[in-house]
Amino acid sequence: HINSWGFSKSQLYRINNSLEKSKIEIVELGYLDDKKGSEENSTLFDSVSSVDNVLNNMPNISTKVVMIDLFSFNLDNLPLKMNTKIDGIRLAFHKKDINHAIYASKKIIDLGYKLFFQPMVTKNYNSNEFTTLIQKANDLKVCAFYLVDSFGSMTLGDFRKYINLANDNLNNDIKLGYHSHNNMQLAFSNAIDLCNSKLNRDVIIDSSIYGMGRGAGNLN
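**Q** Quick question: what am I supposed to make of the pattern of salt bridges here?
**A** When the charged atoms of two side chains lie near each other, side chains of opposite charge can form a pair. All told, the structure shown has 10 salt bridges when counted by the stated rule. Salt-bridge contacts for Asp 76 lead to Lys 107; the nearest nitrogen and oxygen are separated by 2.4 Å. With Asp 76 in the loop between β3 (63-69) and β4 (88-93) and Lys 107 in helix α3 (residues 98-110), the pair connects residues that are 31 residues apart, well separated along the chain. Given the relative accessible area of 57%, Asp 76 is considered exposed. According to the relative accessible area criterion, Lys 107 is partly exposed, its value standing at 26%. Across the pair Asp 193 and Arg 160 runs a salt bridge, and its minimum N-O distance is 2.6 Å. Separated by 33 residues along the polypeptide, Asp 193 in helix α6 (residues 187-196) and Arg 160 in helix α5 (residues 156-169) bring together distant segments of the chain. A relative accessible area of 13% places Asp 193 in the buried class. Taken together, the shared-partner salt bridges connect Lys 64, Lys 81 and Asp 87 into one network.

**Q** So what exactly am I meant to see when it comes to the packing of α5 against α6 here?
**A** The description of two packed helices rests on the angle between their axes and on the distance between the axes. Axis separation between α5 and α6 bottoms out at 11 Å; the angle between their running directions is 40°. Comparing the axis directions of α5 and α6 gives the class oblique. For the crossing formed where α5 meets α6, the hand is right-handed. Where α5 approaches α6, its residues Leu 156, Phe 159, Arg 160 and Ile 163 are matched on the opposing element by Asn 190, Asp 193 and Leu 194. Of the residues in the contact of α5 with α6, the class split is four nonpolar, one polar and two charged.

**Q** Hey, could you run me through the layout of surface pockets in this one?
**A** Empty pockets left among the atoms are what a rolling probe the size of a water molecule brings to light. Size it by volume and the second largest pocket reaches roughly 180 Å³. Broken down by secondary-structure element, the contributors of at least two residues to the lining of the second largest pocket are β3 and α3. With four residues, α3 is the largest single contributor of residues to the lining of the second largest pocket. Residues of the lining of the second largest pocket, tallied by class, amount to eight nonpolar, two polar and three charged.

**Q** Looking at this model, I keep getting lost on the nonpolar core. Mind explaining?
**A** One recurring pattern in soluble globular proteins: nonpolar side chains tend to sit buried together. Core analysis: the biggest nonpolar cluster contains 53 residues, and Leu 32, Leu 78, Phe 117, Phe 130, Phe 145 and Leu 147 have the highest contact counts within it. Once residues lying within four places of it in the same chain are set aside, the contact partners of Leu 147 are Thr 122, Phe 130, Phe 159, Tyr 162, Ile 163, Ala 166, Leu 176, Gly 177, Tyr 178 and His 179. Among the nonpolar cores identified, the runner-up in size contains seven residues, and Val 65, Tyr 146, Val 148 and Ile 204 belong to it.

**Q** Just to check I follow, could you spell out the side chain of Asp 206 for this structure?
**A** Here Asp 206 shows up in the segment after β8 (203-205). Although Asp 206 is buried, it makes no salt bridge; Arg 90 carries the closest opposite charge, 4.1 Å away. Once you skip the residues sitting within four places of it in the chain, Asp 206 turns out to touch Arg 90, Gln 118, Tyr 146, Tyr 178, His 179 and Leu 219.

**Q** Before we go on, may I ask you to explain a nonpolar patch on the surface in this structure?
**A** On the surface, Ile 2, Ile 209, Tyr 210 and Met 212 cluster together into a nonpolar patch covering about 480 Å² of accessible area. Here Ile 209 lies in the segment after β8.

**Q** What's the story with unusual backbone geometry in this structure? I'm lost.
**A** Generally, phi is negative for residues other than glycine and the peptide bonds are trans, each holding for most cases. Residues other than glycine seldom take positive phi values, yet Ser 4 does so here, at roughly 55°. When you line up the elements, Ser 4 lands in the segment before α1 (9-21).

**Q** What exactly am I supposed to notice about the pairing of strand β5 (residues 114-119) here?
**A** Each regular strand displays side chains that alternate between the two surfaces of the sheet. With respect to burial, β5 is a largely interior element, five of its six residues being buried. As paired elements, β4 and β5 share six bridges and run parallel to each other. Within β5, the residue paired with Phe 93 across the bridge is Pro 119. Viewed along the sheet, the connection from β4 through α3 into β5 turns out right-handed. Strand direction decides the pairing type here: β5 and strand β6 (residues 144-149), joined by two bridges, are parallel. From the neighbouring strand, Phe 117 faces β6, where its bridge partner is Phe 145.

Criteria and thresholds
Sequence order sets the numbering: in each chain, residues are counted from 1 along the sequence as written. For a predicted model such as this one, the threshold for reporting local features is a pLDDT of at least 70, and the threshold for listing and counting side-chain atom pairs is 80 or more; totals across whole chains, interfaces and linings nevertheless cover every residue. The side-chain values count all of the structure's non-hydrogen atoms but skip hydrogen atoms and water molecules. We define a salt bridge as a contact between a side-chain nitrogen of Lys or Arg and a carboxyl oxygen of Asp or Glu at a distance within 4 Å. Working definition: helices are DSSP H or I runs of at least four residues, strands are E runs of at least two. Numbering for both runs from the N terminus. Relative accessibility thresholds used throughout: buried, under 20% of the residue-type maximum; exposed, over 50%; partly exposed, between the two (1.4 Å probe, protein chains only). Axis geometry follows a simple rule: fit a line to the C-alpha atoms, using only the stretch in contact for helices, then measure angles between N-to-C directions, giving values from 0 to 180 degrees. Our angle categories are set so that under 35 degrees counts as roughly parallel, over 145 as roughly antiparallel, 65 to 115 as roughly perpendicular, and the remainder as oblique. Crossing handedness is defined as follows: a turn of the near helix away from the far one that is anticlockwise and smaller than a right angle gives a left-handed crossing, while the clockwise case is right-handed. Any two residues having at least one pair of non-hydrogen atoms within 4.5 Å are treated as being in contact. Just so you know the grouping, Ala, Val, Leu, Ile, Met, Phe, Trp, Tyr, Cys and Pro go in nonpolar, Asp, Glu, Lys and Arg go in charged, and all remaining residues, Gly too, go in polar. Points on a 1 Å grid over protein atoms alone make up a cavity when a 1.4 Å probe fits among them but cannot get out, and a pocket when they form an open set with protein on both sides within 12 Å along at least five of seven lines; lining residues each have an atom within 4 Å of a point. Grid points are joined across faces, edges and corners, and a volume is the space filled by probe spheres set on the points. In these notes, a set of buried Ala, Val, Leu, Ile, Met, Phe, Trp, Tyr and Cys residues joined through side-chain atoms within 4.5 Å is what counts as a nonpolar core. By the counting scheme adopted, Arg and Lys are positive, Glu and Asp are negative, and His together with the chain ends is not counted. The patches described consist of residues with a relative accessible area above 30% and no salt bridge, like charges being joined within 9 Å and nonpolar side chains (Val, Leu, Ile, Met, Phe, Trp, Tyr) within 5 Å. Only the protein chains shown count as cover for residues, with accessible areas throughout obtained via the Shrake-Rupley method and a probe of 1.4 Å. DSSP bridges decide pairing: two strands pair if at least two such bridges lie between them. Classification remark: right-handed applies to a crossover when, strands pointing away from the viewer, the course from the first strand over the helix to the second runs clockwise.

This is how it looks when you write it as C-alpha cells:
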C-alpha cells in the first residue's frame, strides 16, 4: 500500500532470497487481481503467469502463496496447481459473502492448491456463527483456518476466546492462522500469547517486513 505494490524483479529476488535464508516457511508473493493487477514490476499480479515469471530463478522457498480477495480474480483463469509454481491461495472474504467463499474455496482446492481460509473481521462472528464456519472449513479440508483482527482491536480476552473455539472445533490436521493489524499495538503481544498456547495443531502467524501494510500495518 505504501508504494502501490511497485517492486522490481531484482528487489523481489533480494527480498525472497533473504526470507529463504531466514528459514521462513511460507512466503506470500502478493495479490492476484485481474482487474487492477500488472504484468511486471508489481506484486499486484494480473495473472498466474505473471507470478510464475517472477518465480523463475527465484530461491527455493518452501511454500509460495498468493492472496485473492473474493471477487477480485476470476477463478476460471486459475490453472491446475501442477501447471504453476504457486503452492497455495490465501482467500480473504467478508461475513456477508460466506456462501460465495465456500464455493470459491472448493474450486481452489479441487484445482490442487493449499487453501488458507481467511474470514475477515473475526470479531463480527458470535460464538455459534464462528463454530458453524469452522465446521464448513472442516468439510472443505482447508490447509489453514485463520483468526483475523482486521481493525487491530482484538483484546487478549477476545483473542483467547476465538483461539479456544478454533482449537476445540477444528480438525486436528488443519493449521490455525493469525492475521493481525496493529491499530492498538496488540499484534505482537497476541502473537506471543498464541506461541505460548498449548494447542494440538500447527500454527501460522502472518507478518510483513517492517510491518508494512494497510492502515496501521501488520505484525512486524
